[in-house]
Amino acid sequence: MRTMATLGRLGIGLTVIALLSAVAEASLCSINGIPLVRNISELPQDNYGRGGLSHITVAGSVLHGMKEIEVWLQTFAPGSHTPIHRHSCEEVFVVLKGSGTLYLAPNSHVKYPGTPEEFPIFSNSTFHIPVNDAHQVWNTNEREDLQVLVIISRPPVKVFIYEDWSMPHTAAKLKFPYHWDEECLLTTPPSAKDEL
Ligand SMILES: *[C@@H]1O[C@H](CO)[C@@H](O)[C@H](O)[C@H]1NC(C)=O
Ligand SMILES: *[C@@H]1O[C@H](CO)[C@@H](O)[C@H](O)[C@H]1NC(C)=O
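Looking at an unreviewed UniProt entry, the protein carries the name Auxin-binding protein T85, with the source organism given as Punica granatum.

Asks: Could you give me a rundown of the overall build of the protein, with the residues and numbers involved?
Replies: What the protein contains, in helices and strands, is two helices and 11 strands. Seen in sequence order, the protein has helices and strands lined up from the N terminus as α-β-α-β-β-β-β-β-β-β-β-β-β. Contacts spanning at least 24 positions in sequence make up 70% of the contacts within the protein whose residues lie at least 6 apart. Working note: accessible area of the protein is about 11900 Å², and carbon and sulfur atoms make up 60% of it.

Asks: Tell me about the site of ligand 1, and please be specific about residues and values.
Replies: Taken together, Asn39, Ser41 and Glu42 make up all the residues around ligand 1. Within the side chain of Asn39, one N or O atom sits 2.2 Å away from an oxygen atom of ligand 1. A total of 360 Å² of accessible area belongs to ligand 1 in isolation, and the protein chains cover 28% of it.

Asks: How would you explain the UniProt feature "glycosylation site" (unreviewed entry) in the protein if you had to name every residue and give the values?
Replies: UniProt records the feature "glycosylation site" (unreviewed entry) at Asn124, using the numbering of this structure. Here Asn124 lies in the loop between strand 6 (117–122) and strand 7 (126–129).

The rules behind the values
- Residues numbered from 1 in each chain as written.
- Chains lettered and ligands numbered in written order.
- Predicted model: local features only at pLDDT ≥ 70, side-chain atom pairs only at ≥ 80, totals over all residues.
- Heavy atoms only, no water.
- Helix = DSSP H or I, 4+ residues; strand = E, 2+ residues; numbered from the N terminus.
- Contact = heavy atoms within 4.5 Å.
- Areas by Shrake-Rupley, 256 points an atom, 1.4 Å probe, with all protein chains shown as cover.
- Near = heavy atom within 4 Å.
- Polar contact = N/O pair within 3.5 Å; in protein donor to acceptor, adjacent residues only side chain to side chain.
- UniProt positions renumbered as here; feature names shortened; annotations may be inferred.

Shown next as structure tokens:
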């Protein structure tokens, strides 16, 4: 009898664990499982294979079904940076912490980006990237993390990545669609809303 009761309790325990992990999985990847108000400190973060980066999708096309904008919170350790890249979406940065350098090549009409202009960026500063201008954000502060809130239009981003500033625009490597949360792509049901 006692064994049966123990097994019964064990069974219930296992069911609860299975349910809890299903909920955890759902809240990570599906729109339905995600609370409306979310604690940023508890959102999943990853470096997506990039050393020194911590990326959190605050609101995204895959995770939250966003169609017009996507919002990221990114933290760059000292010395880390984005690749040199361009995209045709709008992009706005708000620097929350730290400082660094924005490199921007505004001559996107010529064959390659060329020597970029350098702009110091600092805590509580904001900037936007002109559509299609090659750019790079770099934490050039050796002592502090650089944390930025990034808002982009028209997700998912279609990114062209350059190896250096003299690489021809036509040789830049296309990455599309650029989904940070692509592991969730298969588990997310397509959004019912097609038009806003
Ligand atoms: C948000 O999450 C952090 C980390 O888990 C926690 O310390 C904090 O209390 C949470 N804030 C609220 C309002 O729940
Ligand atoms: C950022 O700037 C705004 C506008 O001046 C100000 O209200 C806010 O306190 C500043 N925040 C920080 C962290 O300096």
